[in-house]
Amino acid sequence: MAASNYSLKVNRDLLDPKFESYRLSLDAIPTYNVELDAAVEEVKLKDTQYTLEHMRAFGMYNYLHLDPWYEDSVLFVDCKGRVLSLTVTLDSALGKPKEVYRINEEPGCSEDHLCSSLSLTSSTWAALSDGRGRLYLLRTGKRGDGLYTKWEPLFVEDTGEPFTILHSVSHVQAGVHTVEVLLLRIQKDPQEAAGSGYYVSLEWITVSNTAAHGQEKKYEVSKRRLLRGKSVPHYAAVEPQGKGLMVASEKPFAFTHVDGRPVELPEPEPMEVDKIEPIYFWQQTAEDITVCLRMPKGLTKEEVQFRLSSDDLSIGVQGFPPLLEGQLFAPVDPEASAWIIKNDKSLEVTLQKRTEGPMWPELVMGDKRGEFVMSDEQAALIHERLTHLTSEDLNGNLDRDKPPCNSQELEDCDGYPEDSFTLAHFDEISLKPTQVVNLGGHQYLFTVDVDPSEMPCLCIRHDVDALVWQPRPNQPGDMWEHIATFNALGYVQASKRDKKFATCAPDFSYACLCECFRRTFIYRQPSPVETVLFNRKQGRQVGQVAKQQVASLDSDKPILGFRATNERLFILTSTNLFVLKVNNN
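My aim in this report is to walk through the structure given alongside it, one point at a time. Not measured: the values here are computed from a predicted model.

**Comments concerning the sheet that holds strand β9 (residues 125-129)**
Read from one edge to the other, the open sheet built from four strands follows the order β8-β9-β10-β11, with strand pairing classed as antiparallel. Looking along the sheet, the strands with just one partner apiece sit at the ends: β8 (117-120) and β11 (152-158). Going from strand to strand, the sheet's axes swing by 15 degrees on average, the running direction of each strand aside. Bridge count for β8 against β9 is four bridges, and the pairing is antiparallel. Bridge pairing in β9 links Ser119 to Ala127.

Below, the structure is given as structure tokens:
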């Protein structure tokens, strides 16, 4: 299967163009504290782990793990190698975390290790890394509800190199129980002289029960696959049935080995897209858009396939796939739009914007095959507005008392990810990407488990909002579904310069983020107000208000873990586990 261009389809019913802002609420958030018997060891980066990728993978690791199968149940590993579990039923009567498994550390282990990592594979299985290169697959039995059954290791392998676990799933195929595990390493390439010389390796391991029916379970590795890239993925997860893999990263990944054998794949040609001549040109004013699309010479109007709704556009020739198809950047008025054939070889389409004023950055979402042509009037206007920025004077500023722009003062909200930032779906058989989404200009925010039977969701900034996308690998035509929106969160979080973790409740009732120390910010969805409020500027009544709350922990320790459930927010430091009661459901 060849990679195909794909664009994320925004559900406009989940957007709120009238959203104004978050209102700071001084309502206290009940906070409960559990003191840990042993500290959670924060593994510091070594002198050799100096790259940005090392920081992303290991320096920003979330030490706290939420059990998506059992509500309000979290797990973590302490400095003694104990896997500890805490399930909350009554906030005012929190018990101590219970030990469910202990990693046996051999004496004389190398100090060159990573933090222990954990992935809850299913309601009865888990994958564990000791941070020194050893992988454990554990049968946990039923967890949560006060059950702290000791976990049983059914597969242990020493891989030789430290890694962290990104994701794992469990499934049964043809009567055989199988576990899929995705591991991450950052390795040095001695043959690469450019840059730091480090690359990112993803290892996808399939472990299956090889014992005959009725015999004692025996798990062995049935398949290994290696992928290589240059950046730590923001998101990486295996499909529930192990038929594919999804990766979101700033640099592309490709399969290199399967079961130790090199994979022969054609060399990627990322620059070829830039060399292709545009298939359409477009201009715009505040009121409308004009599109000129190249068509076969001698085309008649009967052969034109044209379909337009308020949100979607499709243009093609009868008997052939559409030349231009997809979701428009903003709604248009189909009744006031039209098309004509010009010069016997091109189609000119006029689209009437439904909302006058805002300029579109693109015509069709995710389509990069067109070229925007600026009119002479627009170019002159922009030139006039930018004239004061061009000067022989170093401080060519109209306001002489203000210093010139300093790039070091730019905030996160002033920058965008690289254009190569993509979300790709890989097929397990062909090892090639089947769907590729260009996320250039869209900032990744966080990953969240909404439904344990589905793949994890990813939250991406879209304009000022934060949109949550649910992968649907069984729907190739609609592989990523827009299921929730947090209004203005994309803009708000960019202003938090000390932000460390971000997440949201599985029911999307609130989103939250924390700084490296103490402070946590909670952003709730709009809710009806009990009293009558009016917007002073617009003179209209306000029916809903979105609240923002700030909580400050009674601790000077750095925050190591951060997870949210529908009712509670769990925050882990090296010595304490804090539980914030956010909702009373």
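Having seen it, we continue.
**Observations regarding empty space enclosed by the protein**
Inspection of every chain in the model, using the stated rule, returns two cavities of 30 Å³ or more. When its volume is computed, the second largest cavity comes out at roughly 40 Å³. What lines the second largest cavity is simply Val43, Lys44, Leu45, Gln49, Phe58, Leu114 and Cys115. Across the lining of the second largest cavity, the residue classes break down as five nonpolar, one polar and one charged.

**Focus: the pattern of salt bridges**
Close approach of charged atoms allows side chains of opposite charge to pair. Under the counting rule described, the total for this entry stands at 32 salt bridges. Across the pair Arg134 and Asp158 runs a salt bridge whose closest N-O atoms are separated by 3.9 Å. Of this pair, Arg134 sits in strand β10 (residues 134-139) while Asp158 sits in strand β11, and the two are 24 residues apart along the sequence. The buried category is assigned to Arg134, whose relative accessible area is 18%. Residue Arg225 pairs with Glu428 through a salt bridge whose shortest N-O separation is 3.2 Å. Of this pair, Arg225 sits in strand β15 (residues 219-229) while Glu428 sits in the loop between β28 (422-427) and β29 (433-438), placing them 203 residues apart in sequence.

Scoring rules and cut-offs
- Residues numbered from 1 in each chain as written.
- Predicted model: local features only at pLDDT ≥ 70, side-chain atom pairs only at ≥ 80, totals over all residues.
- Heavy atoms only, no water.
- Pairing = 2+ DSSP bridges.
- Helix = DSSP H or I, 4+ residues; strand = E, 2+ residues; numbered from the N terminus.
- Axes fitted to C-alpha atoms, helices over the stretch in contact; angles between N-to-C directions.
- 1 Å grid on protein atoms, 1.4 Å probe; cavity = no way out; pocket = protein on both sides within 12 Å on 5 of 7 lines; lining within 4 Å.
- Points joined across faces, edges and corners; volume = space filled by probe spheres on them.
- Nonpolar A, V, L, I, M, F, W, Y, C, P; charged D, E, K, R; others polar.
- Salt bridge = Lys/Arg side-chain N within 4 Å of Asp/Glu carboxyl O.
- Buried < 20%, exposed > 50% of the residue type's maximum accessible area, 1.4 Å probe, protein only.

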